[in-house]
Amino acid sequence: MLLRRERAMTAVAIMLDVAFHAGRTEAVSAADIAERLGQARRGIEPVLQALSRAGLLDSIRGPKGGYRLGRPPRDLRLAEIVSTALDEDGGAEAPAGRLQAAVVQPLWTELETLCRDHLSGLTIADLIKRAAAAGVKRPTVEPLNFVI
């Protein structure tokens, strides 16, 4: 997990972006997500699909389609999001050799267990609270005013 963090970080960033901009009621387009993350839409599409297949995101088709959360933010644990992203990734091969097998691989397994335990205690709702504490405000949609 630690070595393949780009895909895991992208998955968490996507989920936070959708929660922040759409939640469970509205949908946000893949193009908008990619733009806010500073990535190519084509690059995040496999992660969006993996998150959708896992039920973490709902995919909505049509002109106002896009993605919205599959469950409430408090029910979306970061460990599940990371696990979903990395399961689709296939995984990296461990270094071969007696010393690596006896020392490095057990150490890496221990570190990954600690990391997963920490991520199991965090939800998307916790990240939204962190964003608010950092002064990041949710976008507000102003109603159209047709008064002349």
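Residues numbered from 1 in each chain as written. Predicted model: local features only at pLDDT ≥ 70, side-chain atom pairs only at ≥ 80, totals over all residues. Heavy atoms only, no water.

S.K.: Lay out the overall build of the chain in plain terms, naming residues and giving numbers.
M.R.: Helices and strands together make up the secondary structure of the chain, namely six helices and two strands. When the helices and strands of the chain are read in sequence order from the N terminus, they spell out α-α-α-β-β-α-α-α. Looking at the chain as a whole, 34% of its 148 residues qualify as buried. When contacts within the chain are restricted to residue pairs at least 6 apart in sequence, long-range pairs at least 24 apart make up 71% of them. With an accessible surface of roughly 9700 Å², the chain has 54% of that area assigned to carbon and sulfur atoms. (Helix = DSSP H or I, 4+ residues; strand = E, 2+ residues; numbered from the N terminus. Buried < 20%, exposed > 50% of the residue type's maximum accessible area, 1.4 Å probe, protein only. Contact = heavy atoms within 4.5 Å. Areas by Shrake-Rupley, 256 points an atom, 1.4 Å probe, with all protein chains shown as cover.)

S.K.: Quick rundown of the pairing of strand β1 (residues 57-60)? Include the residues and the values.
M.R.: Note that β1 and strand β2 (residues 66-69) share four bridges and pair antiparallel. Among the inter-strand pairings, Leu57 is bridged to a residue of β2, identified as Leu69. Here β1 folds back onto β2, and the loop between the two strands holds five residues, one of which, Gly62, carries a positive phi near 110 degrees. (Pairing = 2+ DSSP bridges.)

S.K.: Pulling in residues and values, what's your account of the pattern of salt bridges?
M.R.: Tallied over the full model, the rule gives four salt bridges. One salt bridge connects Glu45 with Arg41, and the closest N-O pair in it is separated by 3.5 Å. In this pair, Glu45 and Arg41 both sit in helix α3 (residues 41-53), four residues apart, roughly one turn of the helix. For Glu45, a relative accessible area of 19% translates into the label buried. Close ionic contact of Arg71 with Glu80 constitutes a salt bridge, the shortest N to O distance being 2.5 Å. (Salt bridge = Lys/Arg side-chain N within 4 Å of Asp/Glu carboxyl O.)

S.K.: Give me a nonpolar patch on the surface: which residues, what numbers.
M.R.: Together, Leu99, Val103 and Val104 line one region of the surface with nonpolar side chains, adding up to about 270 Å² of accessible area. Within the secondary structure, Val103 sits in helix α5 (residues 98-120). (Patch = residues over 30% accessible without salt bridge, like charges linked within 9 Å, V, L, I, M, F, W, Y side chains within 5 Å.)

S.K.: Would you mind going over the nonpolar core in detail, with residue names and values included?
M.R.: Ile14, Met15, Val18, Leu51, Leu57, Ile81 and Ile124 are the most contacted members of the largest nonpolar core, which totals 32 residues. Of all elements in the fold, only α1 (5-21), α2 (30-37), α3, β2, α4 (78-89) and α6 (124-133) reach the threshold of two or more residues within this core. Counting residues per element, this core draws most heavily on α1, at seven residues. When neighbours within four sequence positions are excluded, Ile14 is seen to be in contact with Ile33, Leu37, Ile44, Val47, Leu48, Leu51 and Leu57. (Core = buried A, V, L, I, M, F, W, Y, C linked by side-chain atoms within 4.5 Å.)

S.K.: Pulling in residues and values, what's your account of α1?
M.R.: The first and last C-alpha atoms of α1 sit 24 Å apart over 17 residues, in line with the 24 Å expected at 1.5 Å per residue. Arg7, Ala8, Thr10, Ala11, Val12, Ile14, Met15, Asp17, Val18, Ala19 and Phe20 are the residues of α1 that are buried. Just downstream of α1 lies Gly23, where phi reads positive at about 75 degrees. (Expected span 1.5 Å × (residues − 1).)

S.K.: Any details on the packing of α1 against α6? Residues and values, ideally.
M.R.: Contact geometry for α1 and α6: axes closest at 10 Å, N-to-C directions at 70 degrees. As judged from the angle between their axes, α1 and α6 are roughly perpendicular. Residues Val12, Met15, Leu16, Ala19 and Phe20 of α1 form the contact with α6, whose own contacting residues are Ile124, Leu127, Ile128 and Ala131. Looking at the contact of α1 with α6, its residues break down into nine nonpolar, no polar and no charged. (Axes fitted to C-alpha atoms, helices over the stretch in contact; angles between N-to-C directions. Parallel < 35°, antiparallel > 145°, perpendicular 65-115°, else oblique. Nonpolar A, V, L, I, M, F, W, Y, C, P; charged D, E, K, R; others polar.)

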